[in-house]
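# Summary of structural features
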Amino acid sequence: MPDIATILAQIVGFDWDEHNTNKNVLGHDVSQAEAEEIFFHAPVLLFDDVKHSDAEQRLLLHGSTNAGRRLTAAFTIRANRIRPISVRPMSRKERRVYEKAR
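My aim in this report is to walk through the structure given alongside it, one point at a time.

Procedures and definitions
Residues numbered from 1 in each chain as written. Predicted model: local features only at pLDDT ≥ 70, side-chain atom pairs only at ≥ 80, totals over all residues. Heavy atoms only, no water. Pairing = 2+ DSSP bridges. Helix = DSSP H or I, 4+ residues; strand = E, 2+ residues; numbered from the N terminus. Salt bridge = Lys/Arg side-chain N within 4 Å of Asp/Glu carboxyl O. Buried < 20%, exposed > 50% of the residue type's maximum accessible area, 1.4 Å probe, protein only.

It is worth spelling out the pairing of strand β4 (residues 70-78) at this point. Alignment of strand β3 (residues 59-64) against β4, held across six bridges, turns out to be antiparallel. Residue pairing in the sheet places Leu59 in a bridge with Phe75 of β4. Connecting β3 to the antiparallel partner β4 that follows it, the hairpin turn spans five residues, and Gly68 within it adopts a positive phi of roughly 95°. Here β4 runs beside strand β5 (residues 81-89); their pairing, made up of eight bridges, is antiparallel. Along β5, the bridge assignment pairs Leu71 with Pro89. Hairpin remark: β4 followed by β5, antiparallel, with two residues in the connecting loop; positive phi at Ala79, about 50°.

Shown next, in the form of structure tokens:
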């Protein structure tokens with residue numbers, strides 16, 4: 001499992017795709033600012049997304065916003081930037097895993 005501190009130490013920003021941003025806002029009611037918050041608001045859980053890592057490594061992150069909203073992000077790293085693919089509210093199962101790990 002990757003280490004979030006190691007990943008973030010190499011990151012210079014986010015690489016937002018307009019389609020994915022619209023999908024997150026319209027489909028999941030998650031703003032870009034909220035999505036970015038969860039990467040830097042401890043605690044976070046990070047997992048390899050093996051199921052979706054065909055062409056490139058994808059990762060899943062469970063975290064919370066400063067306001068306490070629990071979100072899951074699917075993302076990849078491209079040229080030292082986090083490229084969010086999807087950010088959505090955690091499922092019940094994901095919330096249980098997150099709360100247990102806290």
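Back to the write-up after that little detour.
Counting across every chain of the model gives six salt bridges. For Glu34, the salt bridge goes to Arg69, with nearest N and O atoms at 2.9 Å. Residue Glu34 is located in helix α3 (residues 32-37), and its partner Arg69 is located in the loop between β3 and β4; the two are separated by 35 residues in the primary sequence. Glu34 sits in the buried class, given a relative accessible area of 19%. Here Glu99 makes a salt bridge to Arg70, at a shortest N to O gap of 2.8 Å. Taken together, the residues Glu99 in helix α4 (residues 92-101) and Arg70 in strand β4 connect sequence positions 29 residues apart. For Glu99, a relative accessible area of 40% translates into the label partly exposed. Assessed through its relative accessible area of 21%, Arg70 is described here as partly exposed.

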